[in-house]
Amino acid sequence: MTFNIKTLGCKVNTYESEYIYSLFIKKGYVFSEENADIYVVNTCTVTNQSDRKSRQVIHSIRRDHPKSIIIVCGCYVQNCYHTNKLDEIDADIILGNKDKSKILDYLEDYLKNRNKITYFYDMNKIEFEDMEIKHAHNRTRAYIKIEDGCENFCTYCIIPYVRGCVRSKKHEKVIEEARTLVNHGHKEIVLTGIHTGHYVDGDYDFADLLNDLSKIEGLIRIRISSIEINELNEKVLEVIKNNDNIVPHFHVPLQSGCDKTLRLMNRRYNKEFFKSKLEEIRSIKPNVSFTTDVIVGFPTETDEMHKESLEFINECKFTRIHAFPYSDRYGTSASKMNGKVDGNIKKQRVRELIELSNKLEKEFNSKFINKTLPVLFEEEKDGFFIGHTPNFIKIKTKGNYKINEIYDVTLTEENIVNGE
């Protein structure tokens, strides 16, 4: 039988889908881009738009492949369970955010009796669900999921409700998985999780894990998918300072550059703390780039507060900004707040952030023109080789290169890719 996997959302979902793919292949199933017998949809619910995309993907598969078996899992499904909206999901097997590693067991049960399967857990009463990837399919950069769950409860965020409590993979298993991936040719590994920097395994913490991973022979690049600014503590920064294979690129979600909004969001820092941390990291990693997430149109955000946020973001000199219009998530504190911002105003503020992001990216990248940096090439497309520098500058160039190899490349206006 043939299968296909549709993945929406974050790098955690990407990792989990990669693992599900490996399970199917190991059992003898064949991946098919079109007209698969089985479709797995790993969903996202971080915004209302994510919900819509998840629904659209599920509906289009059912419409276009009425005889196929549809398995849905992930955050959107878990949220539908909490909000009693599972009737929105037209699928044969419906799971939440647990038992993704057991999808084939559920599939075999379904194939025997053809009875619809729906299964959920209390996400605050489960342990870390172990998965291990030995080789990342069709990707040079390999992900390792080291942690799941979040307990920060930012007022706008539904994720703690659908991902559950913080839980982590045993550090021995993380290190072994990293070694396996390196032995299969991967030169860069991305550590990912819902709340990555909150990784903990008894007395063993995130800094300990970074330090041990940095000692793996052949692991040239270690990248952190996302980390909260207040988790870049002195112990973590000391490890980053002393290990060159931890790349000088950090995705640190800001969410707002206005202290009043940060308090309403229940973010656990203020602008002064955030900026001081960026400066501290720049002092130990001079070529470092910072990317970030920002929400516009949070309840009560005025034009003046938005302007304050823009000015602070400009001061921080982020390399790239992922801009999101605020989205009401049922059950969160922010969804009950007054002072909702008009949708057209939110769209305009997103446009302003994107313009600022493009300007800041060009400013940062231009500093490296005529400088030579190592580039890990990840794909070849239309005669061009595409890859990234350690500080995540995207390069597109022609030449005598090989995929999954690192080359010293002199950066030019022509081979630097901005705005993608």
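Before reading on, note that the structure itself is shown above.
Scope of this entry: the structure provided in the associated data block. All chains use their own residue numbering, which begins from 1 and follows the written sequence. The model is predicted, so local features are restricted to residues of pLDDT at least 70 and side-chain atom pairs to those at 80 or more, both for listing and for counting; the totals for chains, interfaces and linings are taken over all residues. Excluding hydrogens and water, the side-chain figures rest on all heavy atoms present in the structure.

Another point: the overall build of the chain. Of regular secondary structure, the chain possesses 12 helices and 21 strands. In this description the radius of gyration comes from C-alpha coordinates, and the expected globular size is given by 2.2 Å times residues to the power 0.38. Its C-alpha atoms give the chain a radius of gyration of 22 Å, near enough to 22 Å, the size a compact globule of 420 residues would have. Counting across all 420 residues of the chain, residues that qualify as buried make up 56%. A separation of at least 24 residues holds for 73% of the contacts in the chain among residues at least 6 apart in sequence. Reported accessibility uses the Shrake-Rupley method at a 1.4 Å probe radius. Residues are deemed covered only where the shown protein chains occlude them. By element, 46% of the accessible surface of the chain is carried by carbon and sulfur atoms, the whole surface being about 19200 Å². Secondary structure follows DSSP: runs of H or I at least 4 residues long count as helices, runs of E at least 2 residues long count as strands, and numbering of each begins at the N terminus. Relative accessibility decides the category of a residue: with a 1.4 Å probe and only protein chains considered, values under 20% of the type maximum give buried, values over 50% give exposed, and everything between is partly exposed. The contact definition used throughout considers only heavy atoms, calling two residues in contact when any of these lie within 4.5 Å.

For this analysis, a salt bridge means a side-chain nitrogen from Lys or Arg found within 4 Å of a carboxyl oxygen belonging to Asp or Glu. Evaluated as defined, the whole model comprises 36 salt bridges. The residue Glu 108 makes a salt bridge to Lys 27 at a minimum N-O spacing of 3.9 Å. With Glu 108 in helix α4 (residues 103-113) and Lys 27 in the loop between α1 (11-26) and β2 (30-31), this pair connects stretches of sequence that are 81 residues apart. For Glu 108, a relative accessible area of 33% puts it in the partly exposed group. Residue class for Lys 27 comes out exposed when judged on its relative accessible area of 55%. With a closest N to O distance of 3.6 Å, Lys 277 and Glu 280 form a salt bridge. Of this pair, Lys 277 and Glu 280 both sit in helix α10 (residues 271-284), separated by three residues, roughly a single helical turn. Judged by relative accessible area, which is 26%, Glu 280 ranks as partly exposed. Among the charged side chains, a salt-bridge network with shared partners connects Glu 16, Lys 100, Lys 145, Asp 148, Arg 163 and Arg 167.

Glancing now at the sheet that holds strand β19 (residues 394-397). Here, strands pair whenever DSSP counts at least two bridges between them. The five strands lie next to each other as β20-β17-β18-β19-β21, forming an open sheet whose pairing is antiparallel. Every other strand in the sheet has two partners, leaving β20 (406-410) and β21 (416-417) as the edge strands with one partner each. Note that strand β17 (residues 372-381) and β20 share five bridges and pair antiparallel. Bridge pairing links Val 375 to Tyr 407 in β20.

Here we come to helix α8 (residues 234-242). For α8, the set of buried residues is Val 236, Leu 237, Val 239 and Ile 240. Burial along α8 is one-sided: seen end-on, the buried residues are contained in an arc of 160°. Turned more than 90 degrees from where α8 packs its buried face, Glu 234 and Asn 242 sit exposed. Lining the buried residues of α8 we find α7 (206-213), β14 (246-251) and α10. Here a polar contact is recorded for every N or O atom pair within 3.5 Å, except that within protein the pair must consist of a potential hydrogen donor and a potential acceptor, and residues adjacent in sequence are included only if both atoms are side-chain atoms. With a side-chain oxygen positioned 3.2 Å from the backbone nitrogen of Lys 235, the residue opening α8 is Asn 233. Our arc is simply the arc of the directions from the helix axis toward the C-beta atoms.

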